[in-house]
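# Reading the structure
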Amino acid sequence: MERNTTAGIAIKDGRILVGKRTAGGVLSGKWEFPGGKNRYGESLSDTLRREFMEELSVEIATGDEIFVYDFHNNGTDYHLHAIMVELLSDDFRLSVHEEMRWVSPSELSILDMAGSDSAIRTYLFSSGIFR
């Protein structure tokens, strides 16, 4: 089985948005870029807009896809699409995260991130998008 999943990359004033997952579940306490699984028939941009609304109660504008990372988890092949986003507000109401934070490059480099999000972090630094 294959699934597409998304990560929204929001950068503002030299900082990038990350969230810390709430306790419980596989990603408990890990930091990640907001986003989530694509519903069949949904565009990747629609997925990100829905996920940001469900998880953070904020609207976004989507930009370019910058990176794709393929990984395997529990019998499913995932294609993680990192897409630039712009938040249209930042009045967060959290549902799956215990904290959202705008972090500097040095802060991002030391966060305990989910495995697939670590690949995005590595790309962001190596590509020069976020330094």
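Structure report, in brief. (Residues numbered from 1 in each chain as written. Predicted model: local features only at pLDDT ≥ 70, side-chain atom pairs only at ≥ 80, totals over all residues. Heavy atoms only, no water.)

Right, let's get into the sheet that holds strand S5 (residues 60-73). Reading across the sheet, the three strands line up as S1-S6-S5 and stay open at both edges, with mixed pairing between neighbours. Each edge of the open sheet is held by one strand with a lone partner, namely strand S1 (2-9) and S5. Between one strand axis and the next, the sheet turns through 25 degrees on average, direction left out of account. Sheet topology note: the S1/strand S6 (residues 76-87) ladder contains eight bridges and is parallel. If you follow Ala 7 over to S6, its bridge partner there is Ala 82. (Pairing = 2+ DSSP bridges. Helix = DSSP H or I, 4+ residues; strand = E, 2+ residues; numbered from the N terminus. Axes fitted to C-alpha atoms, helices over the stretch in contact; angles between N-to-C directions.)

Moving on, we come to the packing of aromatic side chains. Within the structure shown, the criterion is met by five aromatic pairs. When the centroid spacing of 6.5 Å and the interplanar angle of 15 degrees are considered together, the rings of Phe 67 and Tyr 69 count as stacked. Here Phe 67 and Tyr 123 contribute two aromatic rings whose centre-to-centre distance is 4.6 Å and whose plane-to-plane angle is 15 degrees, an arrangement assigned as stacked. Placement of the pair is Phe 67 in strand S5 and Tyr 123 in helix H3 (residues 115-127), with a sequence separation of 56 residues. A connected cluster of aromatic rings, assembled from ring pairs, spans Phe 67, Tyr 69, Phe 71, Tyr 78 and Tyr 123. (Phe/Tyr/Trp six-rings, centres within 6.5 Å; stacked < 30°, edge-to-face > 60°.)

What follows concerns H3. With 13 residues, H3 should reach 18 Å at 1.5 Å per residue; the first-to-last C-alpha distance of 19 Å fits that figure. Within H3 the residues assigned to the buried category are Ser 116, Asp 117, Ser 118, Ala 119, Ile 120, Arg 121 and Leu 124. In this fold, the buried residues of H3 make contact with S1, strand S3 (15-21), strand S4 (31-32), S5, S6 and helix H2 (105-110). Positive backbone phi, at 85 degrees, marks Gly 128, one or two positions downstream of H3. (Expected span 1.5 Å × (residues − 1). Buried < 20%, exposed > 50% of the residue type's maximum accessible area, 1.4 Å probe, protein only. Contact = heavy atoms within 4.5 Å.)

Before going further, it helps to spend a moment on the pattern of salt bridges. Applying the stated rule across the entire model yields eleven salt bridges. Across the pair Lys 20 and Glu 98 runs a salt bridge whose closest N-O atoms are separated by 3.6 Å. Placement of the pair is Lys 20 in strand S3 and Glu 98 in strand S7 (residues 97-103), with a sequence separation of 78 residues. For Lys 20, a relative accessible area of 23% puts it in the partly exposed group. Take Glu 98: its relative accessible area is 45%, and that puts it in the partly exposed class. One connected set of salt bridges, linked through shared partners, spans Arg 39, Glu 42, Arg 50, Glu 51 and Glu 54. (Salt bridge = Lys/Arg side-chain N within 4 Å of Asp/Glu carboxyl O.)

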